[in-house]
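# Reading the structure
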Amino acid sequence: METAWRRAKKALAANLCVYVPVNLDHDGGSPSGGRSSDAAASKAAPASPWGTSDYLALMPMTPTPTSSGLRLSKSGSRSSKRTCAICLGTMKSGHGHALFTAECSHTFHFHCIASNVKHGNCVCPVCRAKWKEIPFQGPPSSEHLLGRARVNPVNRPQEEGYMTVVRRLPRADSANRQHHLTPLFHTSEPIYFNDDEPLDLQPDTTKDSQYGCSKSVDIKIYPECSAIPQSASRENFTILIHLKAPYAITDQVSGQNINASSTASQTSRAPVDLVTVLDVSGSMAGTKLALLKRAMGFVIQNLGPSDRLSVIAFSSTARRLFHLRRMSDSGKQQALHAVNSLMAGGGTNIAEGLRKGAKVIGERREKNPVCSIILLSDGQDTYTVAYNTGGTQRTQPDYESLVPSSIRGATSHQIPVHAFGFGADHDSASMHAISETSGGTFSFIETEGAIQDAFAQCIGGLLSVVVQEMWVGVECVHPAVQLAPIKSGSYASHVAGDGRSGSIDVGDLYADEERDFLVSVNIPPACEEMVLLKVCCSYRDPVMNETVNLENEELRIQRPEVVAGRSISIEVDREKNRVQAAEAMAAARAAAEQGALSDAVSILEERRRILSESLAGQSGDRLCSALDAELKEMQERMANRQRYEASGRAYVLSGLSSHSWQRATLRGDSTDSATLIHAYQTPSMVTMLERSQTLSPSPWLLNPPIHPVRTFSEQPQPR
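Structural notes, computed from the coordinates.

Calculation notes
Residues numbered from 1 in each chain as written. Predicted model: local features only at pLDDT ≥ 70, side-chain atom pairs only at ≥ 80, totals over all residues. Heavy atoms only, no water. Helix = DSSP H or I, 4+ residues; strand = E, 2+ residues; numbered from the N terminus. Buried < 20%, exposed > 50% of the residue type's maximum accessible area, 1.4 Å probe, protein only. Contact = heavy atoms within 4.5 Å. Areas by Shrake-Rupley, 256 points an atom, 1.4 Å probe, with all protein chains shown as cover. Pairing = 2+ DSSP bridges. Axes fitted to C-alpha atoms, helices over the stretch in contact; angles between N-to-C directions. Expected span 1.5 Å × (residues − 1). Bend = angle between axes of the 7 residues up to and from the residue.

## Quick word on the overall build of the protein
What the protein contains, in helices and strands, is 19 helices and 20 strands. When burial is assessed residue by residue, the protein has 53% of its 719 residues classed as buried. Long-range pairs, those at least 24 residues apart, make up 71% of the contacts in the protein between residues at least 6 apart in sequence. Of the roughly 31600 Å² that the protein leaves accessible, carbon and sulfur atoms contribute 49%.

Take a look at the structure:
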């Protein structure tokens, strides 16, 4: 008859394990209910490389449904990915057990492997690989107090157990047999996130000489035509209001100073509070996670000492990796360590990640002038949003529930969420809804390698904000002129009940950024030149922290008796084309969502025809050429249902986000300088993109420190 020890070894060889009673008599007595031969084998067990402690460690720390006795698979075909090799219990999310994935990729119930480690075993029970990181459980001792975190598995009540993940450090004296362990990372979180690092408020005497933008916002007004016959009247006469932000000084967008390593670069722009909310679910494992780490390394390198950063990682739950702190040299080092600690595993809980990101911003004690959230995900939230997967009637999921109330509604422009959908499996509809609700943009990262360029384009804008809280007012001057609704895209606009005045809330502008808004009025007959309306503007300068009020700009129309020909403004025609193209994109998307892909393609084709026949289109206008190329690309991505589901929807939504906010987003190859589809890019964005595409990866990422703070994921590899 085989001994219990031999049976245990055979079970381990089959990637399985058994529960063996521990009341063995060390004097050679029989275990309860066992035979003396088993006891003798147990007495001889220490001679094995495993030792007695390893043998006893096969027992789970806490009972499980499958740990009441010997459970040995006869076929040995049970998948080790779904079965804990220590207790043979099922490992599935939502079953009330925390899981532990080791460096060698084998997974166990956390309480089982913690018991194994507790008895001194630091190798994998399955493959015998030596581990560098090991788990502990139980009320933590004082030496591990800083590294503890409560274990609250999904769908299970809170327990009094704690998990501490530690790393064994190499010892200078190899003869020293004592284990020196230090916490891997501080996973506990305070109740309130009011631990942000204080701002650098040193007095600046160089602002006047180093101020980073030229003069003020430029306002221009273009009428549809400059003259109307005296006897004629016009309905829906179109007027274009064009705004352009001050341009950045050369140092601000140069590669030398954009990383804010000098005083000049810090005084030339408004500092940023940035919170990145990053998806580290199981689908991000491998190349995706490595490229995400590299992209975050680029972001960290290009933030300045007055900028502050906090990183939130989410999967089934969310965790703040470190508090909001300034990106000084030490801050950057901690940020790089924290990013390099990311590991992939679990589900996708976008709502929890955003909730924690909003909490960081909402509870900070001090505030930088510019604030934003960057959200990246490659999946869909399965914890908050209910998706309709059956039935004939398709209901729209409640995506608004993903966005915390603190960044909705009236505060949307204060904390914009710039969402990035990564790969073909992300939920583009939810990411687009999140960005629209919060006042941010949605970008579609179609190829994995474009993630750094996408982040670069985004921070190129965030690091060049020169206008905040911009408000534009329109007032009719002639008593017979009235305003129609304003074409303002996603920007909030209002027209008074009597039609005599209106306003647009523009919010923030990046350096050199432009905004165009169409206003329609009615024009009565008149015998002499008339003043139609006047436009005023006010905004806050975030660098000088001053309110700027611009003088009224008036629009006058000539009223001769006869007008020879009708000269149409190409600026107005260009903006009409852009607005109508965006409307066609929205209509095509609505048709595609109803399954009418052929109708969607026809809508886009008709808009392309009208575009080509327009004044701006026939003159070779670059924006019209870009619009035509974009509409054509959308047609191709709506060729069939499979193509639309894979990339068409995300491409269209990213385009709609770009046009509604008049701000650059990534979609397809839109950051490639060879393509026409890169509208709204500012010089600061282009400069940052060039740095991303030409500079090599961070030396730290390629050659990490000897003792990097990381979890069980592999080091990122260069592209």
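Now that the structure is up, let's keep going.
## Concerning the sheet that holds strand 16 (residues 493-495)
The strands that make up a sheet are held in pairs by hydrogen bonds between backbone atoms, and each pair lies either parallel or antiparallel. The strand order across the open sheet formed by five strands is 16-17-15-19-20, and the pairing between neighbours is antiparallel. At either margin of the open sheet sits one strand with a lone partner, and together these are strand 16 and strand 20 (546-557). Recorded for the sheet is a direction-independent mean angle of 15° between the axes of neighbouring strands. Of the pairings in the sheet, the one linking strand 15 (residues 465-476) to strand 19 (residues 530-541) comprises seven bridges and is antiparallel in character. Note that in strand 19 the partner of tryptophan 471 across the bridge is serine 538.

## Describing the environment of glycine 89
Within the element layout of this structure, glycine 89 appears in the loop between helix 3 (51-56) and strand 1 (99-101). Each C-alpha atom of the pair glycine 89 and phenylalanine 108 lies 9.2 Å from the other, and the pair is 19 residues apart in sequence.

## Observations regarding the pairing of strand 19
Counting buried positions along strand 19 gives 10 out of 12 residues, so the element sits mostly inside the fold. The pairing of strand 19 with strand 20 spans 10 bridges and is antiparallel. When the sheet's bridge partners are listed, serine 538 is paired in strand 20 with asparagine 549. A loop of four residues connects strand 19 with strand 20, the two strands running antiparallel in sequence, and asparagine 545 in this loop sits at a positive phi of about 55°.

## Points about helix 17 (residues 641-661)
Residues lying three or four places apart along an α-helix face the same way, a consequence of the helix completing one turn every 3.6 residues. Compared with the 30 Å implied by 1.5 Å per residue over 21 residues, the 28 Å span of helix 17 between its first and last C-alpha is a close match. Most pronounced at serine 647, the bend in helix 17 amounts to some 50°. Of all 21 residues in helix 17, 16 are buried, a share of seventy percent or more.

## Focus: the environment of histidine 418
Mapping histidine 418 onto the fold places it in strand 13 (residues 417-422). Using a relative accessible area of 2% as the deciding quantity, one classes histidine 418 as buried. A sequence separation of 16 residues divides histidine 418 from isoleucine 434, and the C-alpha atoms of the two residues are 8.5 Å apart. When near neighbours in sequence (up to four residues on either side) are disregarded, histidine 418 contacts Ser372, Ile373, Ile374, Leu375, Gly440, Thr441, Cys458, Leu462 and Tyr510.

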